[in-house]
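# Fold and geometry: a report
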Amino acid sequence: MTKKVDFKKYSKFVDAVTSDESRDFVALSDRLVALDEKGANIERLMTGAIGLNAEGGEVMEIVKKLVFQGKPWNEETEYHLKRELGDCMWYIMQCLIALDSSVEEIVDMNVEKLKARYPGGEFDAFYSENREQGDI
């Protein structure tokens, strides 16, 4: 015997655990204003984050087709991947502009984070799974 999901009950649960900003335009608008007043360049961050997610999905779509659907590895596929990565870079730059940052700063921060995570200087599955407190 299989248990059936009560989707009306589930819908009410989902609604109950959803933030006001996700359910109500005025709450969302108020939050955007509050973030703007704090100095967050929220319009660029949203452009960058939403676009990066979408373009990352396009990169993944190509890789999916390569691995699971027989798409050929050739110059055209490689070119397509590079173009999509260029789109990703455009959205990364939107985020960097919003944060008044640079690619160099972000790469330096990433190197420092990974040096701390992998003290031997090489990938280690143990350290990958067992991170220090605050290592996000």
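Keep in mind that what you see is a predicted model, and the values were worked out from it rather than measured.

### Things to note about the overall build of the chain
- Assigned secondary structure in the chain consists of 7 helices and 0 strands.
- Its C-alpha radius of gyration of 21 Å places the chain more than 25% over the 14 Å reference for a compact globule of 136 residues.
- In the chain, which comprises 136 residues, the proportion classed as buried is 15%.
- Taking the average place of the 18 positive charges on the side chains of the chain and the average place of its 27 negative ones, the gap between the two points comes to 10 Å.

### Quick look at a negative patch on the surface
- A grouping of Asp100, Glu104, Glu105 and Asp108 is seen on the molecular surface, where their side chains present a negatively charged patch.
- Tracing the backbone through its elements, the reader meets aspartate 108 in helix α6 (residues 103-117).

### Topic: the pattern of salt bridges
- By the definition in use, this model includes 7 salt bridges.
- Aspartate 20 is the salt-bridge partner of arginine 23, the closest N and O atoms lying 2.9 Å from each other. In this pair, arginine 23 and aspartate 20 are both assigned in helix α2 (residues 20-23), 3 residues apart and thus about one turn of the helix distant.
- For arginine 117, the salt bridge identified is with aspartate 135, shortest N-O distance 2.6 Å. Within this pair, whereas arginine 117 is found in helix α6, its partner aspartate 135 is found in the segment after α7 (125-129), the two being separated by 18 residues in sequence.
- Overlapping salt bridges, with partners in common, bring together Asp15, Asp20 and Arg23 in one network.

### A look at unusual backbone geometry
- Within the chain, aspartate 100 stands out as a residue other than glycine whose phi angle is a positive 50 degrees.
- Locating aspartate 100 in the fold gives a position in the loop between α5 (75-98) and α6.
- Judged by its relative accessible area of 73%, aspartate 100 is exposed.

### Concerning the packing of aromatic side chains
- All told, the structure shown has 4 aromatic pairs when counted by the stated rule.
- With 4.9 Å between their ring centres and 85 degrees between their planes, tryptophan 90 and tyrosine 91 make a pair best called edge-to-face.

### Focus on the packing of helix α4 (residues 42-68) against α5
- Running from amino to carboxyl end, α4 crosses α5 at an angle of 160 degrees, the nearest separation of the two axes being 8 Å. For the element pair α4 / α5, the angle class is roughly antiparallel. In this structure, α4 crosses over α5, and the sense of that crossing is left-handed.

### Some remarks on the side chain of glutamate 55
- Here glutamate 55 is to be found in helix α4.
- One buried charged residue, glutamate 55, forms no salt bridge at all, with the nearest opposite charge on arginine 83 at 9.4 Å.
- Those residues in contact with glutamate 55, other than ones at most four positions away along the chain, are Glu84, Asp87, Cys88 and Tyr91.

### Section: the environment of glutamate 75
- Looking at the secondary structure, you find glutamate 75 in helix α5.
- A relative accessible area of 71% places glutamate 75 in the exposed class.
- Taking C-alpha positions, glutamate 75 is 41 Å from alanine 40, a pair spaced 35 residues apart along the chain.

### Observations concerning a nonpolar patch on the surface
- Nonpolar side chains collect at one region of the surface, where Val5, Phe7, Tyr10, Phe13, Val14 and Val17 lie side by side and expose about 630 Å² of accessible area between them.
- Relative to the elements of secondary structure, valine 17 occurs in the loop between α1 (7-16) and α2.

Cut-offs applied
Residues numbered from 1 in each chain as written. Predicted model: local features only at pLDDT ≥ 70, side-chain atom pairs only at ≥ 80, totals over all residues. Heavy atoms only, no water. Helix = DSSP H or I, 4+ residues; strand = E, 2+ residues; numbered from the N terminus. Rg over C-alpha atoms; globule rule 2.2 N^0.38 Å. Buried < 20%, exposed > 50% of the residue type's maximum accessible area, 1.4 Å probe, protein only. Lys, Arg positive; Asp, Glu negative; His and termini not counted. Charge placed at Lys NZ, Arg CZ, Asp CG, Glu CD. Patch = residues over 30% accessible without salt bridge, like charges linked within 9 Å, V, L, I, M, F, W, Y side chains within 5 Å. Areas by Shrake-Rupley, 256 points an atom, 1.4 Å probe, with all protein chains shown as cover. Salt bridge = Lys/Arg side-chain N within 4 Å of Asp/Glu carboxyl O. Phe/Tyr/Trp six-rings, centres within 6.5 Å; stacked < 30°, edge-to-face > 60°. Axes fitted to C-alpha atoms, helices over the stretch in contact; angles between N-to-C directions. Parallel < 35°, antiparallel > 145°, perpendicular 65-115°, else oblique. Left-handed = near helix turned anticlockwise from the far one by under 90°. Contact = heavy atoms within 4.5 Å.

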